[in-house]
Amino acid sequence: MAESLPRYDRRQTYQWNYEQPPPPVEIEIPPMAGEWSFCGRRVSSPLGIAAGPLLNGGWCLYYASLGFDVVTYKTVRGVERECYAPPNLQPVSCADLHGGESRLPASETMQGSWAVSFGMPSKSPDVWRADIEQTRKQLPGEKLLSVSVVGTVQPGWGLEDLAQDYARCAKWALDAGADCIETNFSCPNVATCDGQLYQQPEAARVVAQCVRQSIGQTPYLAKIGHVASADEARPFLESVQEYVDALATTNSVAATVADSQGNLMFERQKRGICGAATLEASLAQVAMFARHIQDMQADVTLIGVGGVGAWAHAARYLAAGAEAVHLASAAMVNPLVGIEIRRDFSASAV
Ligand SMILES: Cc1cc2nc3c(=O)[nH]c(=O)nc-3n(C[C@H](O)[C@H](O)[C@H](O)COP(=O)(O)O)c2cc1C
């Protein structure tokens, strides 16, 4: 069954995959008993899809039909942006990553982790706004549609302009029907400052405040990247805690990748490594933020992202202090992973 379900085809282009969202499936979804919430909203499970794999509304509806209760519409921009040239998903062969690694060997086959290199492409706002509106209408009422947005630096812009751009996209997404807004504060694949706001607490504060003003009380998440130390985590949290409801962590762990001849790929630049190899680092990061949140008595929840491919992983995130877990790589490779997690959850509860 797993083999027969359609999924993202990494050997095809981004545009090809954009145009081929599989139709929703009719399949029995095992319930996850318990009380689950997401940014203050009740949900039927702690399972969601992170920003990225759901290229448009069709992909959101497909994964919603596969047992995911929060579906995140991939990061969109205020201007159209092309996808980087392939490879966009380059499997790598590596053990657990903790930051600072380089020259990861590329692999022919997916062994659980890959370098992600899309460059945050986006359709033009008129396209994604109309698509979000249609998607919210078709999504079952109890499921949440979260939309990830990012600002796009233009020549001559300062921080205030970037913040306004984030806020404008957030408001457009909200007006189109988004239940939650996520701002992407971390993309290791782009060189401009919009890629690394999570490492600039004061800039992140300006953006988060502007976004909050534009979306009112709507649940608001900030997506962050790998933080090297507890000392770095605290100033960021202090800067944004007044404005965000949740932090989604971790985007990826950045590293360079070498091809089979030993040459560095991606013009020798780092790429975000996503998937199984980031599980331990991301879990440690959730636990670290959970301690800070407790110390500061901050009203912020955590969404665990990174390397989840089984109920055992999700359970560890929940135990570390996350209120929900979001999957990307494992769900792209195996669309049935949500259903498998639900079955294993029920079996573990017996
Ligand atoms: C194909 C793909 C595209 C992604 N695109 C985005 C994106 O547009 N915005 C974002 O915040 N994260 C993006 N990510 C990162 C994921 O949201 C997630 O943080 C990361 O994949 C770690 O989860 P995983 O180990 O389950 O893959 C992308 C990941 C993948 C695999």
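Residues numbered from 1 in each chain as written. Predicted model: local features only at pLDDT ≥ 70, side-chain atom pairs only at ≥ 80, totals over all residues.

A. Examining the overall build of the protein chain more closely. Secondary structure summary: the protein chain contains ten helices and 16 strands in total. Expected size for 350 residues packed as a compact globule is a radius of gyration near 20 Å; at 19 Å, the protein chain falls within 12% of this value. Overall size of the protein chain, expressed as C-alpha extent along the three principal axes, is 50 × 50 × 45 Å. A total of 350 residues make up the protein chain; the buried ones form 51% of that total. Within the protein chain, contacts between residues at least 6 apart in sequence are counted, and of these 75% link residues at least 24 apart. (Helix = DSSP H or I, 4+ residues; strand = E, 2+ residues; numbered from the N terminus. Rg over C-alpha atoms; globule rule 2.2 N^0.38 Å. Buried ≥ 20, exposed ≤ 12 C-beta atoms within 10 Å, placed from the backbone. Contact = placed C-beta atoms within 7 Å.)

B. The site of the ligand, seen in detail. The immediate surroundings of the ligand are formed by 25 residues, with Ala50, Gly52, Cys274, Ala328 and Ser329 found nearest. Elements with a minimum of two residues in the shell around the ligand: β4 (70-76), β14 (271-275) and α9 (329-333). Across the shell around the ligand, the residue classes break down as twelve nonpolar, eleven polar and two charged. (Near = placed C-beta within 6 Å. Nonpolar A, V, L, I, M, F, W, Y, C, P; charged D, E, K, R; others polar.)

C. Seen up close, helix α5 (residues 201-215). If you check α5, its first and last C-alpha atoms are 21 Å apart, about what 15 residues at 1.5 Å a residue would give, namely 21 Å. Those residues of α5 that sit buried are Ala204, Arg205, Val207, Ala208, Cys210, Val211, Arg212 and Ser214. Where the residues of α5 are buried, they touch α4 (159-176), β9 (180-184), β10 (220-224) and α6 (230-240). Just downstream of α5 lies glycine 216, where phi reads positive at about 60°. (Expected span 1.5 Å × (residues − 1).)

D. Quick look at the sheet that holds β14. Ordered by their spatial adjacency, four strands build an open sheet running β5-β7-β14-β12, and the pairing between neighbours is antiparallel. In this open sheet, the two edge strands, each paired with only one partner strand, are β5 (89-91) and β12 (253-255). Across this sheet, the average inter-strand angle for adjacent strands is 40°, counted without regard to direction. Here four bridges tie strand β7 (residues 113-116) to β14, and the two strands are oriented antiparallel to one another. The partner of serine 113 across the bridge, within β14, is glycine 275. (Pairing = 2+ DSSP bridges. Axes fitted to C-alpha atoms, helices over the stretch in contact; angles between N-to-C directions.)

E. Examining unusual backbone geometry more closely. Cis rather than trans, the peptide bond between proline 86 and proline 87 has omega equal to 5°. With an omega of 25°, the peptide bond running from threonine 249 to threonine 250 counts as cis. Its place among the elements puts threonine 250 in the loop between β11 (246-249) and β12. Located in the positive-phi region is phenylalanine 266, a residue other than glycine, with phi close to 55°.

F. Representation of the nonpolar core within the structure. By size, the foremost hydrophobic cluster in this structure holds 109 residues, and its most contacted members are Cys60, Tyr63, Tyr166, Ala173, Ile181, Leu221 and Leu247. The dominant element in this core, judged by the number of residues it contributes, is α4, at ten residues. For alanine 173, the residues in contact, after removing those within four places along its chain, are Ile132, Val147, Val149, Ala178 and Ile181. (Core = buried A, V, L, I, M, F, W, Y, C linked by C-beta atoms within 7 Å.)

G. Region of interest: the sheet that holds β9. The eight strands lie next to each other as β3-β4-β8-β9-β10-β11-β15-β16, forming a closed barrel whose pairing is parallel. Ignoring strand direction, the axes of neighbouring strands in this sheet form an average angle of 25°. Sheet topology places strand β3 (residues 47-49) next to β4; two bridges connect them, and they run parallel. Following the sheet pairing, isoleucine 49 is matched in β4 by valine 71. Contacting β3, β4 and β8 (144-149), helix α2 (residues 57-64) crosses the sheet at an angle of about 160° to β4.

H. Examining the environment of leucine 139 more closely. Within the secondary structure layout, leucine 139 lies in the loop between α3 (125-138) and β8. Separated by 82 residues in sequence, leucine 139 and glycine 57 have C-alpha atoms that sit 9.1 Å apart. Ignoring anything within four residues of it in the chain, the contact list for leucine 139 reads Cys60, Leu61, Ala64 and Leu145.

I. Spatial organisation of the pairing of β10. Counted residue by residue, β10 has five buried out of five residues, so it is predominantly covered. The alternating pattern of β10 places Tyr220, Ala222 and Ile224 on one face and Leu221 and Lys223 on the opposite face, and all of these are buried. Of the pairings in the sheet, the one linking β9 to β10 comprises four bridges and is parallel in character. From the neighbouring strand, glutamate 182 faces β10, where its bridge partner is leucine 221.

Geometric values such as these leave the question of function open.
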